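Residues per chain are reported as follows:
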Amino acid sequence: MKVENGNAGDRLLRLFVAISLPENVKDEIEKAQKELRTALPGEFVRWTKREQFHLTLKFLGNVAESRVAELIDAVRVACLGFAALQLRAERIGFFPDMRFPRVAWAWVHDGKDVLPRLQQAIEANVKNFSLEKSEQKFTGHVTLGRIQSIHRRQAEILAKQALNMADRFFGEWMADKVELIRSELLPGGSRYTTLAAIPLSNQA
């Protein structure tokens, strides 16, 4: 796969494509996150800040600034024909699994399985902008925390807490756009800036 690097001297921007969450859904997810933090206090997990809650469709990594306009067009083309999605956030899960948890997340999905098709369309259209590997199987999710190191007993505590939250519902909403977002790695954590919002309007 050939990935163009842009012009000499270009700034590199760390980018991803995502769907934002409404505040009421963030409220409920944040409550669940606090329960997990209570169950597992200490420095074992790097918890995601509320303002960073989002549904990632494609992490691109570094992209030359001179190619951003072209990238936005590629995402826009990928979104053609997709209408707004009725999304639902619920349940707590872990990657790769509960026995060896490395990422805690809240599940996001739609009832018609359109979300995975949208993700695949975006993945295919932006492949020449990124060296990041394609996801073998897409699972819509909001990352709650990344687990640095954990012992069996701590994993069991997390698994028990997750089972207690198996029926937890965080809310649903109509997602009518996807966003191209810049992530800046700063001493105090990542700062996100939306560079473009691409509507989902079912217009080909």
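Structure shown above.
Residues numbered from 1 in each chain as written. Predicted model: local features only at pLDDT ≥ 70, side-chain atom pairs only at ≥ 80, totals over all residues. Heavy atoms only, no water.

Details of the sheet that holds strand β5 (residues 103-110)
Sheet architecture is open: 5 strands sit in the order β2-β6-β5-β4-β7, paired in antiparallel fashion. Both edges of this open sheet fall to β2 (45-47) and β7 (169-175), since each of them pairs with a single strand only. When strand polarity is set aside, the average angle formed by the axes of neighbouring strands in this sheet is 30°. Here strand β4 (residues 85-95) runs beside β7; their pairing, made up of 6 bridges, is antiparallel. Paired with Leu85 across the two strands is Ala175, which belongs to β7. Docked against the sheet, helix α3 (residues 114-125) engages β4 and β5, running at close to 105° with respect to β5. (Pairing = 2+ DSSP bridges. Helix = DSSP H or I, 4+ residues; strand = E, 2+ residues; numbered from the N terminus. Axes fitted to C-alpha atoms, helices over the stretch in contact; angles between N-to-C directions. Contact = heavy atoms within 4.5 Å.)

Some points on the sheet that holds strand β8 (residues 177-186)
Read from one edge to the other, the open sheet built from 4 strands follows the order β3-β1-β8-β9, with strand pairing classed as antiparallel. If you trace the sheet from one side to the other, it starts and ends with β3 (54-64) and β9 (189-199), each paired once. Sheet twist, expressed as the average angle between the axes of neighbouring strands with direction ignored, equals 25°. With 9 bridges joining them, strand β1 (residues 12-20) and β3 adopt antiparallel strand pairing. Note on β3: the bridge partner recorded for Leu15 is Gly61. Taken strand by strand, helix α2 (residues 68-79) contacts β1, β3, β8 and β9, and its axis lies near 55° from that of β9.

A closer look at the pattern of salt bridges
Inspection of every chain in the model, using the stated rule, returns 16 salt bridges. As a salt-bridge pair, Glu23 and Lys26 come within 3.6 Å of each other at their nearest N and O atoms. Linking Glu23 with Lys26, this pair stays in helix α1 (residues 23-39), spanning 3 residues, or about one helical turn. A relative accessible area of 47% places Glu23 in the partly exposed class. One salt bridge connects Glu172 with Arg88, and the closest N-O pair in it is separated by 4.0 Å. Separated by 84 residues along the polypeptide, Glu172 in strand β7 and Arg88 in strand β4 bring together distant segments of the chain. A relative accessible area of 29% places Arg88 in the partly exposed class. Taken together, the shared-partner salt bridges in this structure form one network comprising Glu23, Lys26, Asp27, Glu30 and Arg50. (Salt bridge = Lys/Arg side-chain N within 4 Å of Asp/Glu carboxyl O. Buried < 20%, exposed > 50% of the residue type's maximum accessible area, 1.4 Å probe, protein only.)

Some details on the packing of aromatic side chains
On inspection of all chains with the given rule, the structure shows 2 aromatic pairs. Each ring, one from Phe16 and one from Tyr192, has its centre 5.2 Å from the other, and the planes form 75°; the classification is edge-to-face. Of this pair, Phe16 sits in strand β1 while Tyr192 sits in strand β9, placing them 176 residues apart in sequence. Judged by its relative accessible area of 3%, Phe16 falls in the buried class. (Phe/Tyr/Trp six-rings, centres within 6.5 Å; stacked < 30°, edge-to-face > 60°.)

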